Amino acid sequence: MVPEELIALAMRARQNAYVPYSGFAVGAALLANSGEVYTGCNVENSSYGLTVCAERVALFNAVARGEREFIALAVVCGTEEYCSPCGACRQVLAEFGGDTKVYLANRYGAYQETTVAELLPIAFSLKDHT
């Protein structure tokens, strides 16, 4: 799957975002090694700390279906700037490996490519538990 296809799926997922407080809708599409794509959108809550980001919704959706290895993630928001995962999302993504490509896209579909490891170079991981 080419980046533009994954970004298009993230754009579609963004349309489902529930953002009555910030108005900042985000969509994500995660390509698993199996070839399946899992999407997510951000879901806000009046108790702001309970809000969940699009990236984590997509990842948790994939994990709930048994996926553990991922190829790429596209993240799209409605701005002219590229949309980058927050720190919490970066840490959650790092749990499943730093090699996952990340396409940071804007509302026009323009993007820049990076990896989870580049977004969070010194992630806390399983090795830190021993």
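Residues numbered from 1 in each chain as written. Predicted model: local features only at pLDDT ≥ 70, side-chain atom pairs only at ≥ 80, totals over all residues. Heavy atoms only, no water.

Asks: Is there a simple way to think about the packing of aromatic side chains in this case?
Replies: Ring pairs (aromatic) are described by centroid distance and by the angle formed between their planes. What the rule picks out here adds up to three aromatic pairs. Summarising the aromatic geometry, the rings of tyrosine 21 and tyrosine 48 are spaced 5.7 Å apart at their centres and angled 75 degrees between planes, so their arrangement reads as edge-to-face. With tyrosine 21 in the loop between helix 1 (3-14) and strand 1 (26-32) and tyrosine 48 in the loop between strand 2 (37-41) and helix 2 (54-64), this residue pair connects regions lying 27 residues apart in the sequence. The exposed category is assigned to tyrosine 48, whose relative accessible area is 59%. Between the aromatic rings of tyrosine 103 and tyrosine 111, the centroid separation amounts to 5.5 Å while the plane-to-plane angle is 80 degrees, which identifies the pairing as edge-to-face. A relative accessible area of 6% places tyrosine 103 in the buried class. We classify tyrosine 111 as partly exposed; its relative accessible area is 28%. (Phe/Tyr/Trp six-rings, centres within 6.5 Å; stacked < 30°, edge-to-face > 60°. Helix = DSSP H or I, 4+ residues; strand = E, 2+ residues; numbered from the N terminus. Buried < 20%, exposed > 50% of the residue type's maximum accessible area, 1.4 Å probe, protein only.)

Asks: Would you mind showing me how to read the environment of asparagine 45 here?
Replies: Inspection of the secondary structure puts asparagine 45 in the loop between strand 2 and helix 2. Classification of asparagine 45 by relative accessible area gives partly exposed; the value is 29%. Between the C-alpha atoms of asparagine 45 and valine 19, which are 26 residues apart in sequence, the distance is 8.3 Å. Setting aside anything within four residues of it in sequence, one finds asparagine 45 in contact with Tyr21, Leu50 and Thr51. (Contact = heavy atoms within 4.5 Å.)

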